[in-house]
Amino acid sequence: MPIVVMGVSGCGKSTVAAALAAELRGVYLDADDFHPAANVAKMAAGVPLTDEDRMPWLGVVARAMADATARGDEVVVACSALRRAYRDVLRSAAPDTFFVQLDGSPELLAARITARAEHFMPPSLLASQLALLEPLQADEAGAVVSIDAPVLAVVDEARERWLAARA
């Protein structure tokens, strides 16, 4: 059961997903690494991506996730997956995907984005991401986890929710 750690910019997807993958002795994939240069340039310029920008990228992420799962690896992916349609693309390649939606206040998210260096996502795009976010729905395998805790506590909660879903 692959795990996708999802949410808006600044929520800690990469940090939580990497730590969770390490705990599970699994494979960590950062969806940002799969963006084509045109997407990165667009975001760096403060221009939100469109569905036309996202769908091919999500297809590549989905294939990488499915390939790692097919090899028998525990897979943890950091991916925004903001809309149900985006999560559906990921599920099309790995139907049993478990989503961990990281949730925090807009103020906390903005502070985190502003504090980080050398990332292509500018703080100006946070509002568009929050407007685009479709929270996990009742029929989606997953859990919402608050980021108002230390990283290891967030990772522990995500792992426990995933383990409970596997049982």
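These remarks concern the structure in this document. Please read these numbers as outputs of a predicted model, since none were measured by experiment.

Turning to helix α7 (residues 151-166), a few remarks are in order. Over its 16 residues, α7 extends 23 Å from the first C-alpha to the last, a length consistent with the 22 Å expected when each residue adds 1.5 Å. Elements that come into contact with the buried residues of α7 comprise β1 (3-6), α1 (13-23), β4 (98-103) and β5 (142-146).

With that settled, the discussion passes to the pattern of salt bridges. By the definition in use, this model includes 15 salt bridges. One salt bridge connects Arg166 with Glu74, and the closest N-O pair in it is separated by 3.0 Å. Of this pair, Arg166 sits in helix α7 while Glu74 sits in the loop between α3 (51-70) and β3 (75-78), and the two are 92 residues apart along the sequence. Judged by its relative accessible area of 25%, Glu74 falls in the partly exposed class. Residue Asp139 pairs with Arg84 through a salt bridge whose shortest N-O separation is 2.9 Å. Of the two residues, Asp139 sits in the loop between α6 (126-132) and β5 while Arg84 sits in helix α4 (residues 84-93), which places them 55 residues apart along the sequence. Given the relative accessible area of 57%, Asp139 is considered exposed. Connected through salt bridges with shared partners, the residues Arg84, Arg87, Asp88, Arg91, Asp139 and Glu140 form a single ionic network.

Quick look at the nonpolar core now. A general trend in soluble globular proteins is that nonpolar side chains are found buried together. By size, the foremost hydrophobic cluster in this structure holds 25 residues, and its most contacted members are Ile3, Val5, Leu20, Val76, Val100 and Leu102. Every element with two or more residues in this core is listed here: β1, α1, β3, β4, α5 (106-115), β5 and α7. Membership of the second largest hydrophobic core comes to 20 residues, among which are Leu58, Val75, Val77 and Ala81.

Our focus in this paragraph is the packing of α3 against α4. The description of two packed helices rests on the angle between their axes and on the distance between the axes. The interhelical angle for the contact between α3 and α4, taken along N-to-C directions, is 30°, at an axis separation of 8 Å. With respect to α4, the element α3 is oriented roughly parallel. When you trace α3 past α4, the crossing you get is right-handed. Contact residues: α3 offers Asp51, Arg54, Met55, Leu58, Gly59, Val61, Ala62, Met65 and Ala66, while α4 offers Ala85, Tyr86, Val89, Leu90 and Ala93. Among the residues making up the contact of α3 with α4, the classes are represented as eleven nonpolar, one polar and two charged.

Glancing now at the environment of Met55. Of note, Met55 is situated in helix α3. Sequence separation between Met55 and Tyr86 is 31 residues, and the spatial gap between their C-alpha atoms is 7.3 Å. Discounting chain neighbours no more than four positions away, the residues touching Met55 are Ala85, Tyr86 and Val89.

Definitions and limits used
For every chain, the first residue of the written sequence is number 1, and numbering continues from 1 onward in sequence order. Restriction of local features to residues with pLDDT of at least 70 applies here, the model being predicted, together with a cutoff of 80 or more for giving and counting side-chain atom pairs; totals for whole chains, interfaces and linings are based on all residues. Only hydrogens and water are set aside when side-chain values are computed; all heavy atoms of the structure are taken into account. The way it works is that DSSP assigns letters per residue, a run of H or I at least four long becomes a helix, a run of E at least two long becomes a strand, and they are numbered from the N terminus. A helix's residues, less one, multiplied by 1.5 Å, set its expected span. For this analysis, residues touch if any pair of their heavy atoms sits within 4.5 Å. By salt bridge we mean one thing: a side-chain nitrogen of Lys or Arg within 4 Å of a carboxyl oxygen of Asp or Glu. A 1.4 Å probe rolled over the protein chains alone gives each residue an accessible area, and that area as a share of the maximum for its type sets the label: buried under 20%, exposed over 50%, partly exposed in between. The definition of a nonpolar core used throughout is a set of buried Ala, Val, Leu, Ile, Met, Phe, Trp, Tyr and Cys residues joined through side-chain atoms within 4.5 Å. Axis angles are defined between N-to-C directions and span 0 to 180 degrees, where every axis is a line fitted to C-alpha atoms and, for a helix, only to the segment in contact. Any angle between 65 and 115 degrees counts as roughly perpendicular, while under 35 counts as roughly parallel, over 145 as roughly antiparallel, and the rest as oblique. Helix crossings fall into two classes, left-handed where the near helix is turned counterclockwise from the far one by less than a right angle and right-handed where it is turned clockwise. Just so you know the grouping, Ala, Val, Leu, Ile, Met, Phe, Trp, Tyr, Cys and Pro go in nonpolar, Asp, Glu, Lys and Arg go in charged, and all remaining residues, Gly too, go in polar.

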